[in-house]
Amino acid sequence: MRKSLDYIIETIIFICGMLSIIFVVLIFSFLLKEGLSFFKDFSFIKFITNQFWYPNSKIPSFGILPLICGSVLVTLGACLIAVPIGVMTALFISEIAPKGVRDILKSLVELMAAIPSVVIGFVGMVTIVPVVKNIFNLPTGLSAFSGSIMLGFMAVPTIVTISEDAIRSVPGQYKEGALALGATKWQTLRRIVLKAAMPGIIAAIMLGIGRVIGETMAVMMITGNAAHVPHSIFDPIRTMTSTIAAEMGETVRGGMHYKSLFAIGLVLFLITFIVNFIADLFLGKNKNL
Amino acid sequence: MVDKIQIKNLSCYYNKKCVLESLTINVVKNEILSVIGPANSGKTTFLRTLNRMSDLEVSFKRTGDVFLNEENIFYMNMEFLRKRVSMLFAMPIPLPMSIYNNIIYAPKRLGLVNKKSDMDILVEQSLKDASLWNDVKDRLHTSAMKMSGGQQQRLCIARILAIDPEVILFDEPCSGLDPISTAKVEESMLELKRKYTILLVTNNVKQASRVSDRTAFFLMGKLIEVDKTEKLFISPKEKQTEDYITGRFG
């Protein structure tokens, strides 16, 4: 009896494990099928280097360069904001803050992660956008800059919670070892604790970037949705994700426009894959010191 | 006989619970003083107070004074004190970097060496003094985490020697080591005594009798007895000491 129960449970766990792999493979192969069929009719090089995204004009032009630029610009801006704030906050929570402050701060940060992105987008639209418009004297505040600020704040909770775990799991003995050699508290934090926690912190940053690249709704509401190559961070832009979200509803299934959106998905996948790959390389290097 | 460290009426508390009670003892220059006693006797607290590691804990309170070369350590700069009074822990703690950087980390930061050539010399000398040079000279730039336990502990000793302290505190340095590594560590302790003053906290009574010049016996936060090692082990004055070293309790 107990043996067969064991067997059943093992089988269920096995099936669950396999299912998640199968889903990923299915999603990927579907994306690949729809996306690649687009490149039969439209060259890949032209697709990523053409400056014009006019999928619905009489002579359609599928150039996603502006979309790639938009995504990269917003992501970079968001990282510049989120990484320092996130890592510093994590350091503060795990190493410096007194216990009472730590508990409050930690639950607040976790609460921040639970806010739906649409809500953040909405709040950003009515707060950040007018402020940015007035401060920098722009024709519109719907810009990559506003998007970066808001996405930055969306990535902060992810970065904080995961790096905080990484920092706290650094054995206390490392700290003692450095302190006993006469290092100050700050030197210990910087050279020992941060260094030992670096793989975890990099993972946290990667997940944060993942959230920023994949974010759709909020970014659509706040960046102005203009598909042209931006000249500065204060230009309105459009990201790859928001293009897919905004246009999928208006396409004809199986048409060029429909397939082009899958091709965008494929490029997006490629970019996140490269980001993860670079992160892995970095982690591997870190392990060997 | 010069007193290196004088401890006067030192009491320590964790969360207001007294763990060390009005301790007065001195440590002579270039001696090995062992501290033995059962768990909770306050011996580790005693050691950690001498380089103010225990001051890092919020719930720790102390009264009394400790003088290093007649200078009160509680008025000293904490980082500078730890350069002069260094500590070796029970578990070997290599920092998460290469062997070379483990040794050079503290001297570089304290400004003891600046030039690359001086660093190389210091690393080599420290490793030789800790009898580790031959084991690792070909892989100085690989991670220190990949060494064996005994090597790691000797690396920690080399790291301490590199900052040239005055006093070295050993906190059960051999509790995780095999007998051969233990013998090596003990050997280097006897070697080091010529230059440094050593305090050794140990659960291993035999180890205390092997290496130390004087031995102190702690029980329940109180110093019961301190004397020349041979004297304490052969004819202890107190009954509790005798019971402990003959293994009747503890």
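Just so it is clear, the model here is predicted, and its values are computed rather than measured.

Quick word on the nonpolar core
Here is step 1: A:F47, B:I5, B:I7, B:F46, B:L127, B:F170 and B:L199 are the most contacted members of the largest nonpolar core, which totals 142 residues.
Here is step 2: Structurally, this core is a two-domain feature, drawing no fewer than three residues from each of domain 1 (2-41) and domain 2 (65-287) of chain A.
Here is step 3: Excluding residues that lie within four positions of it along the chain, B:L199 makes contacts with B:I5, B:V27, B:L33, B:F46, B:L47, B:L50, B:V167, B:I168, B:L169 and B:F170.
Here is step 4: Listed in part, the seven residues of the second largest apolar core include B:A208, B:L219, B:Y244 and B:I245.

Here's the deal with the layout of surface pockets
Here is step 1: In this model, the largest pocket occupies a volume close to 590 Å³.
Here is step 2: Lining the largest pocket are 21 residues, with A:E95, A:K175, A:L179, A:K185 and B:L56 positioned closest to its centre.
Here is step 3: Taken together, the elements giving at least two residues each to the lining of the largest pocket come down to α3 (65-96), α4 (99-114), α7 (172-180) and α8 (185-196) of chain A together with α2 (78-84) of chain B.
Here is step 4: Take the lining of the largest pocket: its biggest share by element is four residues, from α7(A).

Focus on the sheet that holds strand β8 (residues 197-201) of chain B
Residue and element names in this part refer to chain B.
Here is step 1: Strand order in this open sheet of six strands is β6-β7-β8-β3-β9-β10, and the pairing throughout is mixed. Both outer strands of the open sheet, β6 (85-88) and β10 (222-228), are each paired with one neighbouring strand and no more. Each strand of the sheet is rotated relative to its neighbour by a mean of 20 degrees, with strand direction disregarded.
Here is step 2: Of the pairings in the sheet, the one linking β6 to strand β7 (residues 167-171) comprises four bridges and is parallel in character. Bridge pairing in β7 links L88 to F170.
Here is step 3: Where helix α1 (residues 43-50) meets the sheet, it contacts β3 (32-36), β6, β7, β8 and β9 (214-219), and its direction lies at approximately 150 degrees from that of β8.
Here is step 4: Of the strands in this sheet, β6 and β7 touch helix α6 (residues 149-162), which is tilted by about 175 degrees from β6.

As for unusual backbone geometry
Residues and elements named next belong to chain B.
Here is step 1: In this structure, S131 takes a positive phi of about 40 degrees despite not being glycine.
Here is step 2: Within the secondary structure, S131 sits in the loop between α4 (116-129) and α5 (133-136).
Here is step 3: The partly exposed category is assigned to S131, whose relative accessible area is 41%.

Some details on empty space enclosed by the protein
Over the atoms rolls a probe the size of a water molecule, and its path tells where empty space is left.
Here is step 1: Within this structure, the stated rule accounts for four cavities of 30 Å³ or more.
Here is step 2: For the lining of the largest cavity, the secondary-structure elements that each account for two or more residues are α7 of chain A together with β6 and α6 of chain B.
Here is step 3: Within the lining of the largest cavity, the residues separate by chemical class into ten nonpolar, three polar and one charged.
Here is step 4: Of the pockets and cavities examined, the second largest cavity occupies roughly 40 Å³.
Here is step 5: A:S71, A:V74, A:T75, A:V212, A:I213, A:E215, A:V219, A:T239 and A:T241 together form the lining of the second largest cavity.
Here is step 6: In terms of residue class, the lining of the second largest cavity is built from four nonpolar, four polar and one charged.

What to know about the packing of aromatic side chains
All names here are of chain A.
Here is step 1: One pass over the structure, following the stated rule, counts 19 aromatic pairs over all chains.
Here is step 2: An angle of 20 degrees between the planes, with centres 5.9 Å apart, marks the rings of F52 and Y54 as stacked.
Here is step 3: Owing to a relative accessible area of 44%, F52 belongs among the partly exposed residues under this scheme.
Here is step 4: Looking at Y54, the relative accessible area reads 47%, which means it is partly exposed.
Here is step 5: A connected cluster of aromatic rings, assembled from ring pairs, spans F38, F39, F42, F44, F47, W53 and F62.

Observations regarding the packing of helix α5 (residues 117-136) of chain A against helix α6 (residues 144-168) of chain A
Residue and element names in this part refer to chain A.
Here is step 1: In contact at an axis separation of 9 Å, α5 and α6 are set at 140 degrees when each is read in the N-to-C sense. By the angle between their directions, the pair α5 and α6 is classed as oblique. Crossing handedness for the pair α5 and α6: right-handed. Side by side, α5 and α6 meet where S117, I120, G121, G124, I128, V129, V132 and F136 of the first sit next to F145, S146, I149, M150 and M154 of the second.
Here is step 2: Its residues assigned to classes, the contact of α5 with α6 comprises nine nonpolar, four polar and no charged.

Observations regarding the pairing of β10(B)
Residue and element names in this part refer to chain B.
Here is step 1: Strand direction decides the pairing type here: β9 and β10, joined by six bridges, are antiparallel. Residue A216 lies in a different strand from β10, and its bridge partner there is V226.
Here is step 2: Taking the residues that link successive antiparallel strands as the turn, the β9-β10 hairpin has two residues, and the phi of M220 there is positive, at about 50 degrees.

Focus: the pattern of salt bridges
Residues and elements named next belong to chain A.
Here is step 1: Counting across every chain of the model gives 24 salt bridges over all chains.
Here is step 2: For K33, the salt bridge is made with E34, and the minimal N-O distance between the two is 3.2 Å.
Here is step 3: According to the relative accessible area criterion, K33 is exposed, its value standing at 53%.
Here is step 4: The residue E164 makes a salt bridge to K106 at a minimum N-O spacing of 3.0 Å. With E164 in helix α6 and K106 in helix α4, this pair connects stretches of sequence that are 58 residues apart.

Description of the environment of B:C156
All names here are of chain B.
Here is step 1: Position of C156 relative to the elements: it lies in helix α6.
Here is step 2: Remark: the alpha-carbon pair of C156 and V136, spanning 20 residues in sequence, is separated by 14 Å.
Here is step 3: In contact with C156, other than residues within four places in its own chain, are L88, P92, I93 and P94.

Here is what the cut-offs are and how they apply
Residues numbered from 1 in each chain as written. Chains lettered and ligands numbered in written order. Predicted model: local features only at pLDDT ≥ 70, side-chain atom pairs only at ≥ 80, totals over all residues. Heavy atoms only, no water. Core = buried A, V, L, I, M, F, W, Y, C linked by side-chain atoms within 4.5 Å. Buried < 20%, exposed > 50% of the residue type's maximum accessible area, 1.4 Å probe, protein only. Domains from an automatic or database assignment. Contact = heavy atoms within 4.5 Å. 1 Å grid on protein atoms, 1.4 Å probe; cavity = no way out; pocket = protein on both sides within 12 Å on 5 of 7 lines; lining within 4 Å. Points joined across faces, edges and corners; volume = space filled by probe spheres on them. Helix = DSSP H or I, 4+ residues; strand = E, 2+ residues; numbered from the N terminus. Pairing = 2+ DSSP bridges. Axes fitted to C-alpha atoms, helices over the stretch in contact; angles between N-to-C directions. Nonpolar A, V, L, I, M, F, W, Y, C, P; charged D, E, K, R; others polar. Phe/Tyr/Trp six-rings, centres within 6.5 Å; stacked < 30°, edge-to-face > 60°. Parallel < 35°, antiparallel > 145°, perpendicular 65-115°, else oblique. Left-handed = near helix turned anticlockwise from the far one by under 90°. Salt bridge = Lys/Arg side-chain N within 4 Å of Asp/Glu carboxyl O.

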